[in-house]
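Letter by letter, the chains look like this.
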Amino acid sequence: MHVSSGRWIYGLFLALLTALLWGILPIKLKQVLLVMDPVTVTWFRLMVSGGCLFIFLAATRRLPSRKVLGPRGGWLVLMAVLGLVGNYVLYLMGLNLLSPGTAQLVVQTGPIMLLIASLFVFKERFSVGQGIGLLVLLIGFGLFFNQRLVELFTSLTDYTTGVLLVLLASTVWTFYALGQKQLLTVWNSFQVMMVIYLFCGLLLTPWVHPLEALQLSPLQGWLLLACCMNTLIAYGAFAEALAHWEASRVSATLAITPLVTFAAVAVAAWWWPEYVHAETINGLGYGGAVLVVLGSALVALGPSLMAGIRARRVRMAVGR
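Read on for a plain summary of the structure. Note that the structure is a prediction, hence the values are computed from the model and not measured. (Residues numbered from 1 in each chain as written. Predicted model: local features only at pLDDT ≥ 70, side-chain atom pairs only at ≥ 80, totals over all residues. Heavy atoms only, no water.)

Remarks on the overall build of the protein chain
A count of helices and strands for the protein chain gives 13 helices and zero strands. For the protein chain, the sequential pattern of α-helices and β-strands runs α-α-α-α-α-α-α-α-α-α-α-α-α. Against the compact-globule benchmark of 20 Å for 320 residues, the protein chain has a radius of gyration of 20 Å, which places it among compact chains. With respect to the principal axes defined by its C-alpha atoms, the protein chain has extents near 75 × 55 × 35 Å. Partitioning the intrachain contacts of the protein chain with sequence separation of at least 6 by distance along the chain shows that 87% fall at a separation of at least 24. Roughly 15,300 Å² of accessible area belongs to the protein chain as shown, and the carbon and sulfur atoms make up 73% of that amount. Across the protein chain, the centroid of the 19 positively charged side chains sits 20 Å from that of the 9 negatively charged ones. (Helix = DSSP H or I, 4+ residues; strand = E, 2+ residues; numbered from the N terminus. Rg over C-alpha atoms; globule rule 2.2 N^0.38 Å. Contact = heavy atoms within 4.5 Å. Areas by Shrake-Rupley, 256 points an atom, 1.4 Å probe, with all protein chains shown as cover. Lys, Arg positive; Asp, Glu negative; His and termini not counted. Charge placed at Lys NZ, Arg CZ, Asp CG, Glu CD.)

Structure follows, in C-alpha cells:
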C-alpha cells in the first residue's frame, strides 16, 4: 500500500491549489461548451496535458518504465484511465444542464466516496465524528436543493438528469483516485498523470471532432487553453498531494471547492455579466452549501478529531 511522505504542509498547499483550480474550472468550461461537445473538450484537455508531461519527462529522461508495474499494474492503469475518462465526460454532460455552482457542489460527493472506499482499501477507520459529518452533509444537500426537491424526486427534467450525471461522474472518479494512489508506489506523480492522460486521450480519439475548435471565439479559445493548463496543474497538484498527505486530509481540504466556485461565479457575474450569470439560489440554499462543505470536512477529518479528543481525555486523567 502507498504510504504518504509526511510532508503535510506541502501536501496542504497542493490540496488548496487543487481546490482553487477545480473551483474556477466550471466557469471556463461552461463557455467552451457553448461551441464544443463534451468528448472533444475532454480530448483536448487530456492530450495537451499529457503531451506537455511527455515532453518534460522525455527531456529529463524520466519516462515511466512498464517493467516496474508488476503483474497488477496494468489493471491499475486501466482502472484509473476508465475512471478519469468517465469522470471528465459525464461531468461535462452534467455541467451542460446545470449551473457551475450546482455542478461543483454535487461533485463534492466524489471525495466522500473516495474516503468511504479508503476505509476498505487503505484500512482507514470510520469514526463517530465521520458519522456526524455525513449527517451534516446530507442535511446540507437537502437545504441546498430546497427549491427543487420535488423536481429531483418526481420527474426526470434536465436539472435532475444533470444532477444524476454529475453524481455518476463522482462515482467513477473514485476508481481513478484509488488507482492513481496505488500507482504512486512505482511511479512519481508526473509519470502517473502522463500515462493516464495519454491513454485517456487515445481512448476518446474515435469520437472527437477537433475542428470544432476553429469555431471558438478568441476568448473561448483562450479559455479552452486555460482549461487544458488547469487540467495539467490541478491534477498534478492533486496527485502530488496524495503522495505527501493522507487521502482523508486531502479530501477534507478539497471540500472547500464548491465555495470557491460560488465565490468565483459571483465575482465573474459582476465583472462580466454578459458571459457569466449569477447563481439562482436562495439564502437557505447557500446555507446548505456551507453545511455540505462542513460535513465533507468532518467526514474526512473525523478520525483525527476523535483521536485528539481521546488523547486530551487521557492527559486530563493522568494529570489528576
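As for the environment of valine 293
Assignment of secondary structure puts valine 293 in helix 13 (residues 283-319). In this structure valine 293 comes out as buried when scored by relative accessible area, which is 7%. Residues valine 293 and arginine 315, 22 residues apart in the sequence, show an inter-C-alpha distance of 31 Å. If we skip the residues at most four places from it in the chain, valine 293 touches Ala255, Ile256, Pro258 and Leu259. (Buried < 20%, exposed > 50% of the residue type's maximum accessible area, 1.4 Å probe, protein only.)

Observations regarding the environment of valine 260
Structurally, the position occupied by valine 260 is in helix 12 (residues 257-271). As a C-alpha pair, valine 260 and alanine 19 span 241 residues in sequence and 7.5 Å in three-dimensional space. Once residues lying within four places of it in the same chain are set aside, the contact partners of valine 260 are Ala19, Leu20, Gly23 and Ile24.

What to know about a nonpolar patch on the surface
A cluster of nonpolar side chains, namely Leu219, Val267, Trp270, Trp271, Trp272 and Tyr275, defines an oily patch on the protein surface of about 700 Å² accessible area. The leading source of residues in the nonpolar patch is helix 12, at three residues. By the element assignment, tryptophan 271 lies in helix 12. (Patch = residues over 30% accessible without salt bridge, like charges linked within 9 Å, V, L, I, M, F, W, Y side chains within 5 Å. Salt bridge = Lys/Arg side-chain N within 4 Å of Asp/Glu carboxyl O.)

A short note on the packing of aromatic side chains
Overall, the coordinates contain 13 aromatic pairs when judged by the stated rule. With 6.3 Å between their ring centres and 80° between their planes, phenylalanine 145 and tyrosine 159 make a pair best called edge-to-face. Of this pair, phenylalanine 145 sits in the loop between helix 6 (128-144) and helix 7 (149-154) while tyrosine 159 is found in helix 8 (residues 158-183), placing the two residues 14 residues apart along the sequence. Of the two residues, phenylalanine 145 and tyrosine 159, both sit in the buried class. Taking the centre distance of 5.6 Å and the plane angle of 40° together, the rings of tryptophan 173 and phenylalanine 238 count as tilted. In this pair, tryptophan 173 is assigned in helix 8 and phenylalanine 238 in helix 10 (residues 218-244), connecting sequence segments 65 residues apart. (Phe/Tyr/Trp six-rings, centres within 6.5 Å; stacked < 30°, edge-to-face > 60°.)

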